[in-house]
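# Fold and contact review
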Amino acid sequence: MPYHRLARSIVVSMLLALSGFGHAQSYPNRPIRWVVPFSAGSTSDVVARAIAPRLADLLGQPVSVDNRPGAGGVIGTDLVAKAPADGYTLLFAGNAPLAVNVTLQGKVPYDPVKDFVGITQLVAASYLLVVHPSLGVNNVAELVAAARARPGKLNYGSPGNGTGSHLTMELFKTAAGLDISHVPYKGSAPAITDLLAGQVQLMFEPVASVGPHVRAGKLKALAMSSAKRIAAMPDIPTVAESGFPGFQSEAWIGVAVRSGTPHDIVVKLHDALIKVLQAPDLREQFGKLGLELTTSNPETFTAFIKSEIPKWAKVIRDSGAKVD
């Protein structure tokens, strides 16, 4: 290689290296907006507001939580997809807007794979399989036997078509080969009310919603939908342990940014979030809500988001789920 070309190549490499170093040194130099595509008071909002001030302390700039609910998380997610790729607009990434809605709604204004880069997963919320005591079953095997003995006679409730609760039960029905009828409600509250009254016999719901009724003896807990048992209810086995290896369904939450965000900024955000999540009091706070900390690196989380899309697409197609 001629000397002048070699020299130019070395200079370009040095400039690129210095550019990356400059990003890491200067970021952030102004406030950061963290878009939560769900309403204030939701589990996502609670998690974001617990993390945001700690993240701000580490980064040296304010981190404001910006709730942008609507269309199952699509509105807020699309806002981040169209924001500058500079690390100053974060997405509170969840399975509904990034993995489910692309199939459930038929069309969304962003590409969940091409438009985002994952930073890290934060927490996962298991669904708890609960039944009304009058059903007279004590474990998953007994529930399966009861349902097979009465095909089409048992009813399960959900907060609505296409919700995590609905799709998790459909996944379970497919795994167990069951015929159980779906009764969709407009939200968790009316569904749980009818479950407590025995109008429907079972459902999958987050621990935070039905855990208190289990502890009060009004509902019976049979299994967790997560891959492993959770700290909040360590005595409850998983569905996978109960005869269905590989079964897993969780509402996962993480952080993502728009594709094209400089890699050194992605790394800086990842490292700061991992440090925040090491706080014992935060782990305890989330544990009481039935949330398990599940951190990951950017490459792993990005690949995980991509893998969730075909998984739920099959469940949605097989169940015929539609948006309410």
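Residues numbered from 1 in each chain as written. Predicted model: local features only at pLDDT ≥ 70, side-chain atom pairs only at ≥ 80, totals over all residues. Heavy atoms only, no water.

Let's shift gears to the overall build of the chain. When its secondary structure is counted, the chain shows eleven helices and ten strands. By its C-alpha atoms, the chain is 80 × 40 × 35 Å across when sized along the principal axes. Looking at the chain as a whole, 49% of its 324 residues qualify as buried. Across the chain, the fraction of contacts at a sequence separation of at least 24, relative to all contacts at a separation of at least 6, is 77%. For the chain, the separation between the mean place of its 30 positive charges and that of its 24 negative charges on side chains is 4 Å. (Helix = DSSP H or I, 4+ residues; strand = E, 2+ residues; numbered from the N terminus. Buried < 20%, exposed > 50% of the residue type's maximum accessible area, 1.4 Å probe, protein only. Contact = heavy atoms within 4.5 Å. Lys, Arg positive; Asp, Glu negative; His and termini not counted. Charge placed at Lys NZ, Arg CZ, Asp CG, Glu CD.)

For strand β7 (residues 202–206), the buried fraction is high: four of the five residues fall into the buried class. With five bridges connecting them, strand β4 (residues 116–131) and β7 associate as antiparallel partners. If you follow Tyr127 over to β7, its bridge partner there is Pro206. (Pairing = 2+ DSSP bridges.)

A few words now on the pattern of salt bridges. If you walk through the whole model with that rule in mind, you get eleven salt bridges. Residue Asp86 pairs with Arg30 through a salt bridge whose shortest N-O separation is 3.0 Å. Here Arg30 lies in the loop between α1 (3–26) and β1 (32–36) and Asp86 lies in the loop between α3 (74–81) and β3 (89–94), a separation of 56 residues in the sequence. Residues Lys288 and Glu284 are paired through a salt bridge, measuring 3.8 Å at the closest nitrogen-oxygen approach. Of the two residues, Lys288 and Glu284 are both situated in helix α10 (residues 280–288); the distance of four residues between them amounts to about one turn of the helix. Taking relative accessible area as the criterion, Lys288 reaches 65% and is therefore assigned exposed. With a relative accessible area of 49%, Glu284 lands in the partly exposed category. Counted as one network, the salt bridges with shared partners bring together Arg33, Asp66 and Arg68. (Salt bridge = Lys/Arg side-chain N within 4 Å of Asp/Glu carboxyl O.)

Glancing now at the packing of helix α2 (residues 43–59) against α10. Contact pair α2 / α10: the axes reach a minimum separation of 11 Å and the direction vectors enclose 175°. Overall, the two elements α2 and α10 adopt an arrangement that is roughly antiparallel. The residues of α10 that touch α2, namely those facing Val47, Ala50, Ile51 and Arg54, are Asp281, Leu282, Gln285 and Phe286. Along the lines of polarity and charge, the residues of the contact of α2 with α10 split into five nonpolar, one polar and two charged. (Axes fitted to C-alpha atoms, helices over the stretch in contact; angles between N-to-C directions. Parallel < 35°, antiparallel > 145°, perpendicular 65-115°, else oblique. Nonpolar A, V, L, I, M, F, W, Y, C, P; charged D, E, K, R; others polar.)

Burial runs high along β1: four of the five residues are buried. In this fold, β1 hands off to α2, which returns the chain to strand β2 (residues 63–67); that crossover is right-handed. Looking at chain direction, β1 and β3 are connected through three bridges and run parallel. What sits directly across from Arg33, in β3, is Thr89. (Right-handed = clockwise from strand over helix to strand, strands pointing away.)

So, on to the side chain of His166. Position of His166 among the secondary structure elements: in helix α6 (residues 164–176). Residues in contact with His166, not counting those within four places in the same chain, are Tyr156, Ser158, Gly160, Asn161, His182, Ser319 and Ala321.

Counting buried positions over the ten residues of helix α4 (residues 95–104) gives seven, a clear majority of the element. All buried positions along α4 are accounted for by Asn95, Pro97, Leu98, Ala99, Val100, Asn101 and Leu104. Taken from the residues just after α4, Gly106 is the one with a positive phi, measuring 85°.

To continue, consider unusual backbone geometry. Cis geometry is adopted by the peptide bond preceding Pro28, which originates at Tyr27 and carries an omega value of -10°. By the secondary structure assignment, Pro28 is in the loop between α1 and β1. The phi angle at Ala71 is positive, at roughly 55°, despite the residue not being glycine. Within the secondary structure layout, Ala71 lies in the loop between β2 and α3. Ala71 sits in the partly exposed class, given a relative accessible area of 44%.

What follows covers the nonpolar core. In this structure, Trp34, Ile51, Leu122, Leu143, Phe172, Leu202 and Phe286 are the most contacted members of the largest nonpolar core, which totals 85 residues. Formed by 17 residues, the second largest nonpolar core is a distinct cluster that contains Val130, Tyr185, Ile192 and Met233. (Core = buried A, V, L, I, M, F, W, Y, C linked by side-chain atoms within 4.5 Å.)

It is worth spelling out the layout of surface pockets at this point. Counted as a void, the largest pocket has a volume near 1100 Å³. Lining the largest pocket are 49 residues, with Phe38, Ala96, Tyr127, Thr163 and Gly164 positioned closest to its centre. Secondary structure elements with two or more residues in the lining of the largest pocket: α2, α4, β4, α6, β7, α8 (207–215) and β9 (250–258). Among the residues making up the lining of the largest pocket, the classes are represented as 22 nonpolar, 23 polar and four charged. (1 Å grid on protein atoms, 1.4 Å probe; cavity = no way out; pocket = protein on both sides within 12 Å on 5 of 7 lines; lining within 4 Å. Points joined across faces, edges and corners; volume = space filled by probe spheres on them.)

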